[in-house]
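Next come the chains, spelled out residue by residue.
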Protein chains: 2
Amino acid sequence: MTGIHNLLVGTDVVDEKSVKTLSRYSRVYKLADLAEDRLDELLPSIDSLLVFSWPRQLTSDRLRRMTSLRFIQSILAGVNHIPFASLNSNVIVSSNAGAYSDEVAEYAWALLLSAAKRVVELHVSLREQKWTLKRTLDEGSEITILRERILGILGFGGIGSMVGRIAREFGMQVYAYSRNKAATNCVKFYTGTSGLNELLKKPDAVVLSLPLTSQTARIMNAERLSTMKKDAILVNVARGELVDEKAMYDHLVASPNFRYATDVWWYRESRESLKTDYPFLSLPNFIGTPHVSGPSGLATGRPVQLAVENMIRFLKGLRPRNVVNPEEYRTSYPY
Amino acid sequence: MTGIHNLLVGTDVVDEKSVKTLSRYSRVYKLADLAEDRLDELLPSIDSLLVFSWPRQLTSDRLRRMTSLRFIQSILAGVNHIPFASLNSNVIVSSNAGAYSDEVAEYAWALLLSAAKRVVELHVSLREQKWTLKRTLDEGSEITILRERILGILGFGGIGSMVGRIAREFGMQVYAYSRNKAATNCVKFYTGTSGLNELLKKPDAVVLSLPLTSQTARIMNAERLSTMKKDAILVNVARGELVDEKAMYDHLVASPNFRYATDVWWYRESRESLKTDYPFLSLPNFIGTPHVSGPSGLATGRPVQLAVENMIRFLKGLRPRNVVNPEEYRTSYPY
């Protein structure tokens, strides 16, 4: 034990049992229970913070007054929502990397296969009575067969490596873009900007499972999209802002056999929003779902459990896991 | 060589190269090239027949006049479209089992994951602006997580076993209903009617990959549907008639968390039809696509190649593969 900790729980997704467990190692304050003036009174004593999405009450002004703050644990997998620019350099931030891997990898496969087999497009065309039964497929209505094709995976962490394991059972070759070449059989690794540009030329489908950092924001820009195969499938289960919105729309219009299937959306005023600048949902080669992959994982209780375990490591004076490099997030990029 | 054969090719899905290959072993007649009277003239001499869907010109009257007929090879995987009741007992019929396994197994996974993750339903609700971004899921909008769940597979041939291999990579347990217990690790086998009834109680998802025979027609009836989990997913990539149409509709209405995702449709006048007696496509827990899984396999050229190879076995006097038991198909069931 390293003295008494004061922990602020900034979200109501933490269950009562977990709050009780945390109480063994710290004084626990729940943000939702605190009146504004009581919160202001407590701010200077809070040394640890457990958050899901960033709490609106914790303005940059209030963050400045949290002079004892040493540790922030995210329950979301990524940490791009943490206001690094307003944090002192002695604040450690941990992501919840890996906590959603199984559920999000399953979701990536749902989007990839929905796009490859045109399930959404075909279902809608049946509903609109725009299809008759055919024994052979018309030109242009091809179904993508995955066997012996190439899958590119950008970001080979928990989600990416799980997506890759399943790909091999579908008989696909896996090309991965990653900072570190993991020791994984049957995966061809590419690193660096030139490696990424080289990788993107080859796959029939690409899954985005990268964290959103200053390095990866809008990594899929017009130029990179144009190097991909004209009938490739791009799947995004990470963050909408990995993709340039205008470039994506223009590409989908110009290349009707290219498909973009996403569970994640672009940001408006620093928060993810279903509002888009372009009418993606009117395009037949776009599939969109409202960011349910993470919540489906959250419903298992595992992400909260893992975040609480890591918070307890900090409270016990152990080194927390999944500590991120703030340099990658301290950026002029508006989130 | 066993003398000169007269082969009738009853479909235009056979490419010219294959026709040329077949010509080395037989006189080849293409149905589409024959005038009605020329066809009638040839009928008594035809000993082998290569078909895709059953040719409308080959009425039961004409079949009766094909007195030399000894062998029918189907290019479709199943043979339920062959008019067994009008065939002499010395006619051998071969299915094209296994020819579409990879593509149809991929399609089964596309439907299973689309239903599990509610991709179609969510996409449509976004298009209709009936969804706002949520950090947690509402009651009743649950996403099914496959990991550690049970997948039932009815029919464990080429398609079923491929579906099962992929299931294990998703971390699912596999229960299979099959006539023969294959020597497959990590699969629990069930046989017979009581085995099937026992199996159906447990899975979170069930894939139908059975041939349509007198034994399997409407195997998924009201009673069996009612023994399944209330929030289970049923996927059909085999034949629509494996499922009782009225029972399925009633079950989907009564159990809104049960989901039926199908690529195959019920029969009208002995042929598959997109027409249904009930408005399935207006139900949110129904996903339908217009039988494209087989055609997507056909486009690879492999089903025709395998059917032609088996036809050549017959023409050479060898025992053809995939010979079916006509007793299973000679039925009062109207197809």
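On a predicted model such as this, the values are computed, not experimentally measured, just so you know. (Residues numbered from 1 in each chain as written. Chains lettered and ligands numbered in written order. Predicted model: local features only at pLDDT ≥ 70, side-chain atom pairs only at ≥ 80, totals over all residues. Heavy atoms only, no water.)

### Things to note about the sheet that holds strand β10 (residues 233-236) of chain B
All names here are of chain B. Here 7 strands make up an open sheet; going across it, the order is β8-β7-β6-β9-β10-β11-β14 and the pairing parallel. Strands with a single pairing partner mark the edges of an open sheet, and in this sheet they are β8 (187-190) and β14 (286-288). Going from strand to strand, the sheet's axes swing by 15 degrees on average, the running direction of each strand aside. Note: strand β6 (residues 150-154) against strand β9 (residues 205-208), 4 bridges, orientation parallel. Each residue of the ladder has a partner; that of I153, found in β9, is V207. The sheet strands contacting helix α6 (residues 158-169) are β6, β7 (173-177), β8 and β9, and the helix crosses β6 at an angle near 170 degrees. (Pairing = 2+ DSSP bridges. Helix = DSSP H or I, 4+ residues; strand = E, 2+ residues; numbered from the N terminus. Axes fitted to C-alpha atoms, helices over the stretch in contact; angles between N-to-C directions. Contact = heavy atoms within 4.5 Å.)

### Some thoughts on the relation of the copies chain A and chain B
When chain A is fitted to chain B, the best match, at an RMSD of 0.0 Å, comes from turning it 180 degrees and sliding it 0.0 Å along the axis. Classification of the inter-copy transformation places it as that of a two-fold axis. Among all residues of chain A, the one whose C-alpha sits closest to the rotation axis is V120 of chain A, at a distance of 2.7 Å. Taken as a fraction of all interface residues of chain A, those also at the interface in chain B reach 100%, which identifies the copy contact as same-surface. (Least-squares fit on C-alpha atoms with pLDDT ≥ 70 in both.)

### Here we look at the interface of chain A and chain B
With 55 residues of chain A in contact, the opposing surface of chain B contributes 55 residues. The largest contributions to the chain A side of the interface with chain B come from E106, L133 and R135 of chain A, which together make up 15% of the buried area. The interface formed by chain A and chain B holds 4 salt bridges in total. The shortest N-O distance in the salt bridge between R147 of chain A and D102 of chain B comes to 3.1 Å. Where chain A packs against chain B, one counts 11 residue pairs in polar contact (both at pLDDT 80 or more). Of all the secondary-structure elements, those providing two or more residues to the side of chain A that touches chain B are α4 (101-116), α5 (119-127), α6 (158-169), β14 (286-288) and α10 (293-298) of chain A. Broken down by element, the residue count for the side of chain A that touches chain B peaks at 9 residues, all from α4 of chain A. Of the residues assigned to the side of chain A that touches chain B, the class counts are 31 nonpolar, 12 polar and 12 charged. (Buried area = accessible area lost by both parts, 1.4 Å probe. Salt bridge = Lys/Arg side-chain N within 4 Å of Asp/Glu carboxyl O. Polar contact = N/O pair within 3.5 Å; in protein donor to acceptor, adjacent residues only side chain to side chain. Nonpolar A, V, L, I, M, F, W, Y, C, P; charged D, E, K, R; others polar.)

### Observations regarding unusual backbone geometry
Residues and elements named next belong to chain B. Not every positive phi belongs to a glycine, and E269 is a case in point at roughly 50 degrees. Tracing the chain through its elements places E269 in the loop between β12 (267-268) and β13 (271-272). A residue is classified by how much of its surface remains accessible, and E269, at 80% relative accessible area, is exposed. (Buried < 20%, exposed > 50% of the residue type's maximum accessible area, 1.4 Å probe, protein only.)

### Some points on the packing of helix α4 (residues 101-116) of chain B against α6 of chain B
Residue and element names in this part refer to chain B. At a closest axis distance of 8 Å, the pairing of α4 and α6 adopts a crossing angle of 50 degrees. In terms of axis orientation, α4 runs oblique to α6. Between α4 and α6 the crossing geometry is right-handed. Of the residues in α6, those touching α4 at S101, D102, V104, A105, A108 and W109 are G158, I159, M162, V163, I166 and A167. Class assignment for the residues of the contact of α4 with α6 results in 9 nonpolar, 2 polar and 1 charged. (Parallel < 35°, antiparallel > 145°, perpendicular 65-115°, else oblique. Left-handed = near helix turned anticlockwise from the far one by under 90°.)

### Side note on α4 of chain B
Residues and elements named next belong to chain B. A rise of 1.5 Å per residue sets the reference length of α4, with its 16 residues, at 22 Å; its end C-alpha atoms lie 22 Å apart and thus fit the reference within 8%. Summarising burial for α4: 16 of the 16 residues are buried, a large majority. R118 sits one or two positions beyond α4 and adopts a positive phi of about 55 degrees. (Expected span 1.5 Å × (residues − 1).)

### Here we look at the pairing of strand β10 (residues 233-236) of chain A
All names here are of chain A. Neither face of β10 is open: one carries I233 and V235, the other L234 and N236, and all of them are buried. Strand direction decides the pairing type here: strand β9 (residues 205-208) and β10, joined by 4 bridges, are parallel. Across the sheet, residue L208 finds its bridge partner in β10, namely N236. Since β9 and β10 lie parallel, the crossover through helix α8 (residues 222-227) that links them has a hand, and here it is right-handed. Where β10 meets strand β11 (residues 259-262), 4 bridges bridge the pair, whose relative direction is parallel. (Right-handed = clockwise from strand over helix to strand, strands pointing away.)

### A short note on the environment of L111 of chain A
For L111 of chain A, the position within the fold is in helix α4. Owing to a relative accessible area of 0%, L111 of chain A belongs among the buried residues under this scheme. Separated by 150 residues in the primary sequence, L111 of chain A and A261 of chain A place their C-alpha atoms 5.8 Å from one another. Sequence-distant contacts of L111 of chain A, that is, excluding residues within four places in its chain, are made with V235, N236, V237, A261, T262, D263, I287 and T289 of chain A together with V119 of chain B.

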